[in-house]
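Chain and residue survey
One letter stands for each residue in the lines below.
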Amino acid sequence: MDFNTRTQHKQVLDYKRANFELMKEELGSYNYEVLMNNKNAEECYMILKDKIATATDHHIPRKRIRPTNNSPWFSQEIKRLNQCKTTFVQKTQTIPNRTPSSRTYPRLQGC
């Protein structure tokens with residue numbers, strides 16, 4: 001069991017800030033007939049995959065995210081209860097000046 005308490009950050013692609021127009025231009029600028037001349041299907045696939053990966057690296061930035069609640073003691077039951085709590089809090093915040101009760105949110109009683 002790994003008891004490392006440091007938070008492990010993960011890098012993912014940030015599609016919201018991607019520049020798809022420049023990516024499309026870059027992928028369209030290659031002469032695929034010359035690149036794939038006298039190649040079998042597997043070699044053509046590898047060339048295309050490499051070009052797409054290069055364009056992705058150039059035009060889609062990465063962002064760091066921190067995984068949430070991935071501790072070994074954070075079971076599925078606790079995750080479900082946490083989601084119920086979060087939903088309940090969000091719903092109570094949308095109704096100002098009202099005291100939440102079981103009658104107000106009958107769907108959340110099963111939590």
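Reading the values: rules and limits
- Residues numbered from 1 in each chain as written.
- Predicted model: local features only at pLDDT ≥ 70, side-chain atom pairs only at ≥ 80, totals over all residues.
- Heavy atoms only, no water.
- Helix = DSSP H or I, 4+ residues; strand = E, 2+ residues; numbered from the N terminus.
- Buried < 20%, exposed > 50% of the residue type's maximum accessible area, 1.4 Å probe, protein only.
- Contact = heavy atoms within 4.5 Å.
- Areas by Shrake-Rupley, 256 points an atom, 1.4 Å probe, with all protein chains shown as cover.
- Core = buried A, V, L, I, M, F, W, Y, C linked by side-chain atoms within 4.5 Å.
- Phe/Tyr/Trp six-rings, centres within 6.5 Å; stacked < 30°, edge-to-face > 60°.
- Lys NZ or Arg CZ within 6 Å of the ring centre and 35° of its normal.
- Expected span 1.5 Å × (residues − 1).
- Polar contact = N/O pair within 3.5 Å; in protein donor to acceptor, adjacent residues only side chain to side chain.
- Salt bridge = Lys/Arg side-chain N within 4 Å of Asp/Glu carboxyl O.
- Arc of directions from axis to C-beta.

What follows covers the overall build of the protein. The number of helices and strands found in the protein is four helices and two strands. Reading the secondary structure of the protein in the N-to-C direction produces β-α-α-α-β-α. Counting only residues that meet the buried cut, the protein has 15% of its 111 residues in that class. For the protein, the share of sequence-separated contacts (at least 6 apart) that also reach a separation of at least 24 residues comes to 69%. Summing over all exposed atoms, the protein offers an accessible surface of approximately 9600 Å²; the carbon and sulfur share of this is 51%.

Moving on, we get to the nonpolar core. A18, M23, L27, A55 and I60 together form the largest nonpolar core, which totals five residues. If near-sequence neighbours (up to four positions away) are discounted, M23 is found in contact with I52, A55, T56, H59 and I60.

Below, the discussion takes up the packing of aromatic side chains. Overall, the coordinates contain one aromatic pair when judged by the stated rule. The aromatic ring of Y30 is capped on one face by K51, whose charged end is 4.5 Å from the ring centroid.

Here we take up helix α3 (residues 41–59). Over its 19 residues, α3 runs 27 Å from end to end, which matches the ideal 27 Å to within 8%, given 1.5 Å per residue. For α3, the secondary structure elements touched by its buried residues are β1 (10–13), α1 (20–28) and α2 (32–35). Residue N40 occupies the N-cap position of α3, its side-chain oxygen lying 3.2 Å from the main-chain nitrogen of E42.

Per the stated rule, a full pass over the model turns up three salt bridges. Between D14 and R17 there is a salt bridge; the shortest N-O distance is 2.8 Å. The class for R17 is exposed, based on a relative accessible area of 55%. Between D57 and R62 there is a salt bridge, with its nearest N and O atoms 3.7 Å apart. What makes R62 partly exposed here is its relative accessible area of 45%.

For α1, every residue scored as buried is listed here: M23, E26 and L27. Down the axis of α1, the buried set is contained in an arc of 95 degrees. They therefore lie on one face. Residues of α1 that are exposed and point more than 90 degrees away from the buried face comprise E21, K24, E25 and G28. Contacts from the buried residues of α1 go to α2 and α3.

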